[in-house]
Amino acid sequence: MKDYKPLEIEVKWKKMWDEKKIYSPDLDSVKRPFYNLMMFPYPSAEGLHVGSVFTFTGVDTYGRFKRMQGFDVFEPMGLDGFGIHSENYALKVGRHPKEQAKRSEENFYRQLSSIGNGFDWSRKLETYDPNYYKWTQWIFIQLFKRGLAYRKKAPVNFCPSCKTVLSDEQVIDGKCERCGSVVEKRELEQWFFKITDYAERLLNNIPKLNWTEKVKIAQRDWIGKREGTTIRFVIARTQNEVKGTKKSQKDQIIMGSANPRNDSQYIEVFTTRGDTLYGATFIVLAPEHPVVASLLRNSELEKIRKYVEEVKKKTEIERGAQGKEKTGVFTGLYAINPINNESIPVWIADYALMGYGTGALFGDAHDERDVAFAKKYGIPLKATLITGDKERDERILKLEECFTGDGTLVDSGEFSRLSSQQARERVAEWLEKNKKGGRKVTYHLRDWLISRQRYWGPPIPMIYCQSCAGKGRSWFNSIDSKEENVSSIKYKVSSKDGKFLNTKYVIHTTDDMVGWYPIPEEDLPVILPDVQDWRPEGTGVSPLANHPEFYKTTCPSCGGKARRETDVSDTFLDSAWYFFRYLATEIHDVPFPSEGFINSKSTNQQINKSTNLMIGNWKLEIGNFAKRVKWLPVTMYIGGAEHSVLHLLYSRFITMAFKDLGLIDFEEPFARFYAHGLIIKDRAKMSKSKGNVINPDEYLAKYGADVLRAYLRFVGPFDMGGDFRDSGIEGMQRFLKRVWRLVNDVIASEAKQSSDPKEIASPSFGEARNDNEGKRVMNRIIKGVTDDLEALRFNTAMAKLMTWYNYLSQQKNVSKKELETFLKLLAPIAPFITEELYQNVIASPEGAAISDDGSFRSVHLQPWPSYEPKMLEEGEVTIVVQVNGKVRDSFTVHSLQFTEQSKVEKKAKESSKIKKYIEGKKIKKVIYVEGKIINFVV
RNA sequence: GGCCGAGUGGCGGAACUGGCAGACGCGCACGCCUCAAAAGCGUGUGGCCGUAAGGUCAUGUGGGUUCGAUUCCCUCCUCGGCUACCA
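Bear in mind that the values here come from a model prediction, so they are computed numbers and not experimental data.

K.L.:
Please explain the sheet that holds strand β10 (residues 210-211) as it appears in this structure.
P.N.:
One key point about sheets: their strands pair by backbone hydrogen bonds, in either a parallel or an antiparallel sense. The sheet built from five strands is open, its strands ordered β2-β1-β29-β30-β10 with parallel pairing. Each end of this open sheet is capped by a strand with a single partner; those strands are β2 (72-74) and β10. Sheet topology places β10 next to strand β30 (residues 672-676); two bridges connect them, and they run parallel. In the sheet register, W211 faces β30, and the bridge partner there is F673.

What follows is the structure in structure tokens.
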């Protein structure tokens, strides 16, 4: 018998699979497309993490299972190599990002090809490939033309160490996601995508998605829809302005005619708790609130100016997360609560956020933050909600307890005695009727900040023309836009039940966009030049801004001197559409980007010329894209739950935008999303700082891909992850060696038998066993493994196969059918060893991998084993006998003849063990679960 | 603080809709093989009492529902992930 040499058979079969292209479906002609997608990795670290191997081989096991079930499985792989992660890694190792990308790419593809996955390598992609990012840029332009990309000056998170702008999502606990530095606030002009326009659609589609529930919840929370009310508080100069006046004068003030304030000077606040409005005793403004700004212009109050400036400089962390001390300053102003005409002080405080609601809130006794703030500054409070529990209500009214739940209103004028819920409704009505505010919906979701002042990303494909700007011109009033008929572009806004609500026309106000033009599409891509000073300098601009040969250009409209945008786009944009690109890619040898890069001395003209080489055939690519849409939405998408919000949300947004662009007729990219678990080591998350990161290379070299794959399947449930341990992997190697030996022994003894029929070796082929038990076992295992794989319960599928092995290895004869079936069931998990052994089995006594007609009889192309439901029934079943729910005895009966209650009950009562417990007692009740259990209650 | 998970032998984990808790594997012990070891094979393996038959206690804690709870409900504790002053 040959020894089991995993590495040798890997080389052999990999070559064969590659030659026969068994993992490269013809995208245009297949009948049962199954797009089996895993989140592509960003290759910034030293190499592939064993956690990624866990995920990728798990996804592949599912894909192989589906292929054997007759689906045309498409399983592509690529690299998310553009962006801040990769650039930071390049910074760390002191290598040019492009050079590093080349190295990472080589290493990653080497590793990825060694794990035994059925990747379609003819369609790989890298986000830094100009053939890829020309489309990233194209998408940007399409969104710009539809008014979904816009520019605004905004306070942004700035990491002083990475020297870049970060999105809110990249700021963790006020620190930079990558380097951990404390993040500062800066004001910069930035490009944004209007994802908030899609908030309602993104939210309403969630129930329809076949996704892991927790990911759906995370998405819903991230969108964070809140229905509440806005209330207008008219500003008064002093408290007396209201309090000291008679009713008629009060009204005047409120109506805006009293001097010197008028109705335009009001503060609009947002609340979800309109029921507590009567108890509002102060107003809090965010330091960035416009009222504060106007106040500062007219105010001599140095104290306020100082406070606001300090807070604005403060980082998120210093401003303090919940629980930390709140700070604030009184403005000297008062505001009139429209519902009760009370005049209440207006404060500025750091716990009010400009980014949420209206940037202003009212404080009351039923919010813990408000109470904490009020107590600190001695602001009075008034409880207006009670619970009905007398003792508790006493405490609440004495302000000893802060009650934040729904209750019954007290001391709230005409609203007293209403429930919170009723009151919210009535207050909203009142405000609407009296034009003092009204219902309002707010979202936690913010627009997507796209700009990055970095090097390693796709240049944002926009041109700014100073001269056009001076004339108030932009692309939106150019001839081009009229040709594209942009003004008539509209998209549908749907309500919750999917009903058409209205058509939203994009109305362009060119104010913000004056001077801006997209790069003409035929000039794409805007190649990222190969500059040497690529490191971020912390000047708030991209390194490309130091390269006039890059940014100097001509205006597409007037032909005058113009300037390219020098920022690059967020890496989340690269990954928001890659699943489309796998399908659109023609099979071609893509030159590595460096070959297409221009050098930094090239002129602008050369940039454009050189791109012609890259563009390829737009129409062809778009055409393929459209044809292949049958592959979408992605059938199965598997990735980490850490991407639950951002990546998945951005991908959904881009897909919806594609639909609105008329490119596709669906709006959700992933029919099914499954979140896998994490592999940990010694009960701790793997991390470099802990020094417990596992490099799969050594395991692949030592044990081979099959052993590692099978071990990772067995280590724990796919959605939970598992604890990686060397002793476990040894056990798995033993198992595969046993399988190897069993199959080879059987084949060998068969060969012996046919040459000398008298000699019966054991175990051997043959039907001689002639028992139904063997067939029942096989059918049960087939069903079990099939169900487990379908539900991605790989660990229990593996256990069932081991159980079956244990059974087979103890039999005198093992049939050829059993061996074949065993190998087929194991094939998705361990593709190499099963291919080798399967070929041995079918070759015995005759047969070969390549049949006469030239087709390849790979185990991976065999139909998945089926089972006969009839054979699942057990020959005999064990009936457990309980007395008062405690197991006292058990016996077996023939399942077909002896499972009626009367017979089982009779037999159970005959048992001496049972008699002991029921003798002389009255049986109150008998519970019988057919074929399982009988329970006497005495 | 909020949301989502998870707590089961020495360890990783099974138990799918409430029905024999501990499948399968690791580890350990003993045995076979061997001059010996490794590998391999076999047997056993939750705690306690008992020679045994058997009994009894056991799924983080405390309660509840049920003939019966790892599973359902409530309380609390611990750990992990995501998120975070969202008015």
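K.L.:
Looking at this structure, I do not really get the packing of aromatic side chains. What am I missing?
P.N.:
Think of a pair of aromatic rings as described by two things: how far the centres are apart, and how the planes are tilted against each other in angle. Scanning the model with the defined rule gives 61 aromatic pairs in all. Judged by centre distance (5.3 Å) and plane angle (40°), the ring pair of F82 and Y133 falls under tilted. With F82 in the loop between β3 (78-79) and α3 (84-93) and Y133 in helix α5 (residues 130-145), the pair connects residues that are 51 residues apart, well separated along the chain. Grouping residues by exposure puts F82 and Y133 together as buried. Between the aromatic rings of F270 and Y356, the centroid separation amounts to 6.1 Å while the plane-to-plane angle is 80°, which identifies the pairing as edge-to-face. With F270 in strand β12 (residues 266-271) and Y356 in the loop between β15 (342-349) and β16 (360-363), the pair connects residues that are 86 residues apart, well separated along the chain. Given the relative accessible area of 8%, F270 is considered buried. When the ring centre of F71 is taken as reference, the NZ or CZ atom of R32 above it lies at 4.1 Å. Positioned above the aromatic ring of F192 is the side chain of K152, whose terminal nitrogen or guanidinium carbon lies 4.7 Å from the ring centre.

K.L.:
Please explain the nonpolar core as it appears in this structure.
P.N.:
Soluble globular proteins: nonpolar side chains tend toward being buried together. Judged by nonpolar contacts, the single largest core of 186 residues is most densely connected at Y35, W448, Y578, I654 and F724. In terms of residues, this core owes the most to one element, helix α27 (residues 726-755), which gives 10 residues. Look past the residues within four positions of W448 in its chain and what remains in contact with it is W191, F192, F193, I195, D570, F572, L573, A576, Y650, F653 and I654. Residues A335, A374, L381 and I396 belong to the second largest nonpolar core, which totals 51 residues.

K.L.:
Which parts of the structure should I look at to understand the sheet that holds strand β27 (residues 561-564)?
P.N.:
Across the sheet, which stays open at both edges, the four strands sit in the order β25-β22-β27-β26 with antiparallel pairing between neighbours. Of all strands in the sheet, those with a lone pairing partner are β25 (516-518) and β26 (552-554), marking the two edges. Taking the axes of each pair of neighbouring strands and ignoring which way they run, one obtains an average angle of 40° across the sheet. Where α5 meets the sheet, its contacts fall on β22 (462-464) and β25, and the angle it forms with β25 comes to roughly 130°.

K.L.:
Honestly, the pattern of salt bridges in this entry has me stumped. Any pointers?
P.N.:
If charged atoms from side chains of opposite charge come close, those side chains can pair. Scanning all chains against the criterion turns up 37 salt bridges. Its salt-bridge partner being E19, residue K15 comes within 3.9 Å of it at the nearest N-O pair. Of the two residues, K15 and E19 both sit in helix α1 (residues 6-20), four residues apart, roughly one turn of that helix. Here the two residues K15 and E19 agree in accessibility, since each one is exposed. Between E401 and R392 there is a salt bridge, with its nearest N and O atoms 2.8 Å apart. By relative accessible area, which is 28% here, R392 ends up partly exposed. Within the structure, one salt-bridge network assembled from shared partners comprises R201, K659, D660 and E667.

K.L.:
How should a positive patch on the surface be read in this particular structure?
P.N.:
There is a patch of like positive charges on the surface, built from R734, K737, R738 and R741. Take R738: it is sitting in helix α27. Assessed through its relative accessible area of 33%, R738 is described here as partly exposed.

K.L.:
Is there a simple way to think about unusual backbone geometry in this case?
P.N.:
Glycine aside, negative phi is the norm for most residues, and most peptide bonds take the trans geometry. Residue P525 is reached from L524 by a cis peptide bond, and omega for that bond is 0°. Here P525 shows up in the loop between β25 and α18 (548-551). Here the residue pair L632 and P633 is connected by a cis peptide bond, since its omega of -5° sits within 30 degrees of zero. Notably, N884 is not glycine yet its phi reads approximately 55°, a positive angle. Among the secondary structure elements, N884 is positioned in the loop between β34 (876-883) and β35 (886-894).

K.L.:
Any chance you could explain helix α31 (residues 831-842) here in plain terms?
P.N.:
Because each turn of an α-helix spans 3.6 residues, side chains separated by three or four positions end up pointing in the same direction. Spanning 12 residues, α31 covers 16 Å between terminal C-alpha atoms, matching the ideal 16 Å at 1.5 Å per step. Burial analysis of α31 places 12 of its 12 residues in the buried class, which makes it a mostly covered element. Those residues of α31 lying buried are P831, F832, I833, T834, E835, E836, L837, Y838, Q839, N840, V841 and I842.

K.L.:
Where do I start with the packing of helix α25 (residues 696-703) against helix α26 (residues 705-714) in this structure?
P.N.:
What describes two packed helices is the angle between their axes and the distance between those same axes. Two numbers describe how α25 lies on α26: the axes approach to 6 Å, and their chain directions differ by 120°. Our classification of the angle between α25 and α26 gives oblique. Where α25 abuts α26, its residues P696, Y699, L700 and Y703 lie against A705, V707 and L708. In terms of residue class, the contact of α25 with α26 is built from seven nonpolar, no polar and no charged.

The rules behind each value
- Residues numbered from 1 in each chain as written.
- Chains lettered and ligands numbered in written order.
- Predicted model: local features only at pLDDT ≥ 70, side-chain atom pairs only at ≥ 80, totals over all residues.
- Heavy atoms only, no water.
- Pairing = 2+ DSSP bridges.
- Helix = DSSP H or I, 4+ residues; strand = E, 2+ residues; numbered from the N terminus.
- Phe/Tyr/Trp six-rings, centres within 6.5 Å; stacked < 30°, edge-to-face > 60°.
- Buried < 20%, exposed > 50% of the residue type's maximum accessible area, 1.4 Å probe, protein only.
- Lys NZ or Arg CZ within 6 Å of the ring centre and 35° of its normal.
- Core = buried A, V, L, I, M, F, W, Y, C linked by side-chain atoms within 4.5 Å.
- Contact = heavy atoms within 4.5 Å.
- Axes fitted to C-alpha atoms, helices over the stretch in contact; angles between N-to-C directions.
- Salt bridge = Lys/Arg side-chain N within 4 Å of Asp/Glu carboxyl O.
- Patch = residues over 30% accessible without salt bridge, like charges linked within 9 Å, V, L, I, M, F, W, Y side chains within 5 Å.
- Areas by Shrake-Rupley, 256 points an atom, 1.4 Å probe, with all protein chains shown as cover.
- Lys, Arg positive; Asp, Glu negative; His and termini not counted.
- Charge placed at Lys NZ, Arg CZ, Asp CG, Glu CD.
- Expected span 1.5 Å × (residues − 1).
- Parallel < 35°, antiparallel > 145°, perpendicular 65-115°, else oblique.
- Nonpolar A, V, L, I, M, F, W, Y, C, P; charged D, E, K, R; others polar.

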